[in-house]
Amino acid sequence: MPMAAQPISRGRRRALATGAGLAASLVVRPAAAAEDLAAAVAAFTAGAQTRAGKVTFDVPALVENGNAVPVTVTVDSPMTANDRVAMVAIFNEKNPERGVAQFAFGPRAGRASVSTHIRLAASQKLAAVARMSDGTHWAAYVDVVVTLAACVDGDPV
Amino acid sequence: MARALIKVPPSARRGEVIEIRALIAHPMETGYRLDATGRPLPRDILRRFSCRYNGELVVGAELHPAVAANPYFAFSAIATESGTLTFTWEGDNGFAQTETVLLAVT
């Protein structure tokens, strides 16, 4: 991808240099993580149940570098004026914050699909939740294995 | 001004779905990392991104520290008429940047 061929910023280089040291001190949080993820999804849906289906969440099953993980969320929707995707949100289980990113699809959006690059601090479960224009919520979950974690975990050493 | 890379086809047919890719140089410092002396590095991330087509929203995003450095987004828009695509990024420490790209629709 030609867009990635830009010079690495100094901050990024520093991040990479300190990454190895911090990854070694990374502490995986206790089992409450799964409930946290469910709570984050419930907060997005305002308590409404999510249904399985419609959402396709593309994440590499084995991630070699947790600092930039390509993810794509695609929702099965005709994207007409009355039947469209309003929002898509991505949540994680074990990063310091449950939220990753939230996307709103405006009237000029084409397909109901968005791609970005995210950080993963540990092997964990990710959720992609879509809110449709009719108010229903659809979710897809994936489990990813991360071999080099992103240094986002701030647990005191 | 941070370096921004935006890929939009220069022209499109009316009704065509066009692919848009946008990347901006930004460290997305999470606020959870420590520096060499053990002090936390202050958070410096982009909070919002949006793409508008002649003023109407294509995609808006709210970002958290888990978005990778040099935030990259790929999405699509429906080409309806010739006009301007406006990309804006807003973040911590008063970060604000706007880029515009012209799109010719035939």
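Quick note: structure is the one above.
The structure reproduced in this document is the subject of the present report. Note that this is a predicted model, so its numbers are computed, not measured. (Residues numbered from 1 in each chain as written. Chains lettered and ligands numbered in written order. Predicted model: local features only at pLDDT ≥ 70, side-chain atom pairs only at ≥ 80, totals over all residues. Heavy atoms only, no water.)

1. Overview of the overall build of chain B
For clarity, the cut-off: Numbering goes from the N terminus for both helices and strands, where a helix is a DSSP run of H or I of at least four residues and a strand is a run of E of at least two. A simple rule labels every residue: compare its accessible area, found with a 1.4 Å probe on the protein chains alone, to the largest value its type can have, and call it buried under 20%, exposed over 50%, or partly exposed in between. By definition in these notes, contact holds between two residues if any of their heavy atoms fall within 4.5 Å. Computed by Shrake-Rupley with a 1.4 Å probe, the accessible areas treat only the displayed protein chains as cover when residues are assessed. Only four residue types enter the charge count, namely Lys and Arg as positive and Asp and Glu as negative; His and the chain termini do not. In plain terms, the charge of a residue is placed at NZ if it is Lys, CZ if Arg, CG if Asp and CD if Glu.
A count of helical and extended segments in chain B gives zero helices and eight strands. Taken from N to C terminus, the helices and strands of chain B fall in the order β-β-β-β-β-β-β-β. Expressed along its principal axes, the backbone C-alpha trace of chain B runs to roughly 60 × 20 × 20 Å. Here chain B, with 106 residues, has 48% of them falling under the buried criterion. When contacts within chain B are restricted to residue pairs at least 6 apart in sequence, those whose partners lie at least 24 apart make up 58%. Element-wise, carbon and sulfur atoms account for 53% of the exposed surface of chain B, whose accessible area totals about 4,700 Å². Treating the 11 positive side-chain charges of chain B as one cloud and the 11 negative ones as another, the clouds have centres 3 Å apart.

2. Points about the packing of aromatic side chains
Heads up, the condition is: Pairing of aromatic rings covers Phe, Tyr and Trp, the last through its six-membered ring, and needs centres within 6.5 Å; plane angles under 30 degrees mean stacked, over 60 mean edge-to-face, and all others mean tilted. A ring has a charge above it when a Lys NZ or an Arg CZ is no more than 6 Å from the ring centre and no more than 35 degrees off the ring normal.
As enumerated under the stated definition, the model contains seven aromatic pairs over all chains in all. Connected via pairs of aromatic rings, a cluster forms that spans A:Phe103, B:Phe49, B:Phe73, B:Phe75, B:Phe87 and B:Trp89. The aromatic ring of B:Tyr53 is capped on one face by A:Arg108, whose charged end is 4.5 Å from the ring centroid. Lying over the aromatic face of A:Phe44, A:Arg131 brings its terminal NZ or CZ to 4.4 Å of the ring centre.

3. Quick word on the interface of chain B and chain A
Test applied: Defined here as a combined quantity, buried area equals the accessible surface (1.4 Å probe) lost by two parts on assembly, summed across both. Here, a salt bridge means any side-chain nitrogen of Lys or Arg that lies within 4 Å of a carboxyl oxygen of Asp or Glu. Gly is placed with the polar residues, together with every amino acid not listed as nonpolar (Ala, Val, Leu, Ile, Met, Phe, Trp, Tyr, Cys and Pro) or charged (Asp, Glu, Lys and Arg). Between any two strands, pairing holds if DSSP finds at least two bridges.
If you look at the interface, chain B gives 41 residues, while chain A gives 40 residues. For the chain B and chain A pair, buried surface summed over both sides reaches about 3,700 Å², with 53% attributable to carbon and sulfur atoms. The largest per-residue losses of area from chain B upon contact with chain A belong to B:Tyr32, B:Arg33 and B:Tyr72, which jointly make up 19% of the total buried on that side. B:Glu81 serves as the salt-bridge partner of A:Arg108, at 3.1 Å between the closest nitrogen and oxygen. Elements supplying a minimum of two residues to the side of chain B that touches chain A: strand E1 (4-7), strand E3 (17-24), strand E5 (56-63) and strand E6 (72-78) of chain B. Classifying every residue of the side of chain B that touches chain A gives 26 nonpolar, six polar and nine charged. One ladder, built from two bridges, connects strand E7 (residues 113-118) of chain A with E6(B); its direction is antiparallel. Bridge pairing links A:Ser115 to B:Ala74 in E6(B).

4. A few points about the sheet that holds E6(B)
So the rule is basically this: Geometry is summarised by axes, namely lines fitted to C-alpha atoms with helices restricted to the contacting stretch, and by angles between N-to-C directions that run from 0 to 180 degrees.
The antiparallel open sheet is built from six strands, whose spatial order is E2(A)-E4(A)-E7(A)-E6(B)-E3(B)-E1(B). Pairing within the sheet leaves two strands with one partner each, and these edge strands are strand E2 (55-58) of chain A together with E1 of chain B. Strand-to-strand twist across the sheet, computed as the mean angle between neighbouring axes with direction ignored, equals 15 degrees. With seven bridges joining them, E3(B) and E6(B) adopt antiparallel strand pairing. Opposite B:Ala22, over in E6(B), you have B:Phe73 as the bridge partner.

5. Re the pattern of salt bridges
All names here are of chain B. Following the criterion strictly, the structure yields eight salt bridges over all chains and no others. Two residues, Glu29 and Arg33, come together in a salt bridge whose shortest N-O distance is 2.7 Å. The exposure class of Glu29 is buried, given its relative accessible area of 9%. The buried category is assigned to Arg33, whose relative accessible area is 5%. One salt bridge in this structure joins Asp35 and Arg39, with 3.5 Å as the shortest N-O distance. Note on Asp35: relative accessible area 23%, which makes it partly exposed.

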